[in-house]
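A look at the structure
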Amino acid sequence: MNGRLAGNEGRNWERIRMRLGVTLPLVGLLALNQCGAPEGKRIAVETPGSGTGSTGALLGGNGGQGSLDGSGNRTGQGSTSSMGSGNAPGSGNGSGNAPGSGNGTIGGGQPPLARPGEACSVTGQNACVGPSQKQRLVCVDGAWEPDTACSSAENCDQSSGECLSIPADCAGRSVGFRFCDADGQVGVCGLDLVRVETEDCDGACTNGRCKPLGCGDGVETPPEECDDGNTSDTDDCTSECLAAGCGDGILQAGEECDDGNTLNTDGCAECQMARCGDTFVQPGEACDDGNTVDADGCTNKCQMPGCGDNILQTGEECDDGNTLDNDTCSNACKRPKCGDRIIQMGEACDDGNTVNDDACSNLCTVPGCPDDIKQASEECDDGNMNSTDGCTAACKLPKCGDSFIQDGEDCDDGNKVDDDGCTNLCKRPKCGDNITQRPMEECDDGNSNDLDACSNSCKPKRCGDNITQEGETCDDGNQNNTDACKNDCQKATCGDSLKSDGEACDDGNQNDGDGCSSECQPEARCGDGVKNGSDECDDGNTNNAEDACTNQCKELKPLNELNPSCSESNITFTLCMTAATNWCKAFGNNIGVITGKPNSNQDRYDVACLENVQKKTFTVEAAFSKSGGDCPGGQQQFPKCVNAVTEKCKDDGFTFGFYTGLTNNDTQLQAACGHAREASVEAGSIGNGCTISEGSKIELACTAAIAKRCRDAGDGKTGMIVGVDGTKVNYVCLTGTIGVAEFDR
């Protein structure tokens, strides 16, 4: 708001304002007129025709012209407003000290200042967040929210909430700053620095002050306080003939600052620059006691005393000014000591208690043996390293086996070995203590009986000493094992495998019919060339597989007798496999396969009696399902059927399989299943003139070629084809007894 105060009344009110030491917009002084304006005087105030009220102004907003007459009555129309509440008119005409009614607010009833988030009532209304601020708020949905801030050349106007330009004379100044305008009038930076109030000056405006007529003439005349005849503001009399003083806004000699107010907490206190020790608590200071005593209730840095400020206060043992807890002064400003729960230099631990037998002693040492403190894990602790007294150096109660010779012990070797020169009773060994000490003693039965198995010299009684001891049936004192008393001091008997006097043989049993009778006399046996007893044959040799009689005197029948359906044209088919298996039973094997011919000009065949394979039985239907339903009799050696039986064996956890025959009226398949590393060879590389195709059986030439491949590689005595995969022939090498079987006799 712009206003103009004219005449000597203006100067008088200005003088009053300065003596009060406050800075107010000039229009605010109208309130003082009601207390001290001369009777009958009239002060005219010019206001603009429209707008909203400014801080401290009684006139404003939608007013037009208004005046206050000498009797205190206000004339004119319009509304007036002021900050806060109190004697401010709401609207209309009024008279006296409090015209109108109700409490006035900025801008026709709106609050002058607001805070983000506070409630508001008029949507879209603007307000400022504080005096002389650039940030403003807008009312949105009943709450103040930040709005666009004013530019650097503007401030938010509290009376309207709008951004108004800061006049050049007020830029960078504070509210109440005075200056001389271009017309020689006194200008005052008003509310929010966006309004300028002016005073009429009948004299000369100097440094923002109206110099009344006569001031500066060197003669003090009322209402002058002084008149030194100059215009200097820095001596004892200002250019306005007012006595210079702290708080007049003019920097005088001896003043470090003068901010024109009496506030001592704003950086200028009693016209001296604020500092710690001036008794005034400034921003950043927690206290200020005005002295240089560092150890009282306020430090020389104007901070409240506390542990860690490097100042020794009452109640503190030390204060090193750091946060290191394990140096010579703790963070509680106490001297370190054992038991303060802080591990200091020289301490191994500190548990803060007075329990001596826990994990940390009262000397702040980690308990150990021996430290004369018995811990829960110790049997004793006498604080010394003597292990032959009542407590060893390992804090254990003495006992035999602790490596220390105690009273009553002959020795103590610290182990549990009873025959090493010191017994487990810590006694020196001796014959008769029931402990055999070697090599000095051969036995020790712990008694004094010299006729038992251990003599009193701890030497054992032994066979061959010509004394029949317990457990001996004889003792002839010699090492002849073929007489009536054997070298084990047992009487010779038939069947003990030793041919003794009077025995013609001794085969280790008392069976008759095995060549040596139960009386150890010779009798007929297999291999003597004479067929006796249960012999099916006896050819008198040990050729087990090349002839027709085994070493068990069992006949090896030709293959066509073992299975009449076997024919040489189908020698690899299951019918002949059955014959080969029956042939192997004479040797105790239950699986046999035909693997080739020893001589192509004879009707004899190589038969392998296999080891490490198991006989399994599957239904024909099961094999059919694996072969796609097509493995009828006579085709079991076709490639697809070989693959099928291998798959059936793999279902049972084996790695390979092949057919050995049909049983139960050809409804069940017999197969050999086993575990072996599978190998493969190209069908055209098998050799021996072998050819394999999907639609024909696997010929004997192929089986013989695979068997030879295994023998040549040293992987087994024979081999079997277990599958065909395209051009690859899969096979395994097997071990067993290889013999030659006749086909017909």
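Observations regarding the nonpolar core
- In this structure, Leu559, Ile571, Trp583, Ile594, Tyr605 and Val607 are the most contacted members of the largest nonpolar core, which totals 18 residues.
- Here this core takes five residues from helix H5 (residues 574-584), the largest share from any one element.
- Beyond its immediate sequence surroundings of up to four residues, valine 607 is in contact with Ala580, Trp583, Cys584, Val593, Ile594, Thr737, Ile738, Gly739 and Ala741.
- Core analysis: the next-biggest nonpolar cluster, separate from the first, contains 17 residues, Ala679, Ile686, Cys702 and Val724 among them.

Brief notes about the state of the cysteines
- Applying the stated criterion to the full structure yields 28 disulfides.
- Between the sulfur atoms of cysteine 226 and its disulfide mate cysteine 237 the distance is 2.0 Å. Residues cysteine 226 and cysteine 237 share a disulfide whose torsion about the S-S bond is about 95°; that sign makes it right-handed. Note that cysteine 226 is positioned in the loop between strand S14 (209-211) and strand S15 (268-269) and cysteine 237 in the loop between S14 and S15, a separation of eleven residues in sequence.
- Overall, the relative accessible area of 4% leaves cysteine 237 in the buried class.
- Disulfide pairing is shown between cysteine 338 and cysteine 364; the S-S distance is 2.0 Å. In this structure, the disulfide formed by cysteine 338 and cysteine 364 twists by about 105° around the S-S bond and is classed as right-handed. Placement of cysteine 338 in the loop between strand S16 (272-273) and helix H4 (559-562) and of cysteine 364 in the loop between S16 and H4 is noted, with a sequence separation of 26 residues between them.
- Assessed through its relative accessible area of 34%, cysteine 338 is described here as partly exposed.

Quick look at the sheet that holds strand S7 (residues 143-146)
- Strand order in the open sheet formed by three strands is S5-S6-S7, with antiparallel pairing between adjacent strands. On the outer flanks of this sheet lie strand S5 (126-128) and S7, each paired with one strand and no other. The mean angle between the axes of side-by-side strands here comes to 40°, regardless of whether they run parallel or antiparallel.
- Strand direction decides the pairing type here: S5 and strand S6 (residues 136-140), joined by three bridges, are antiparallel. By the bridge assignment for S6, asparagine 126 is matched with valine 138.

Cut-off values and rules
Residues numbered from 1 in each chain as written. Predicted model: local features only at pLDDT ≥ 70, side-chain atom pairs only at ≥ 80, totals over all residues. Heavy atoms only, no water. Core = buried A, V, L, I, M, F, W, Y, C linked by side-chain atoms within 4.5 Å. Buried < 20%, exposed > 50% of the residue type's maximum accessible area, 1.4 Å probe, protein only. Helix = DSSP H or I, 4+ residues; strand = E, 2+ residues; numbered from the N terminus. Contact = heavy atoms within 4.5 Å. Disulfide = S-S within 2.5 Å. Pairing = 2+ DSSP bridges. Axes fitted to C-alpha atoms, helices over the stretch in contact; angles between N-to-C directions.

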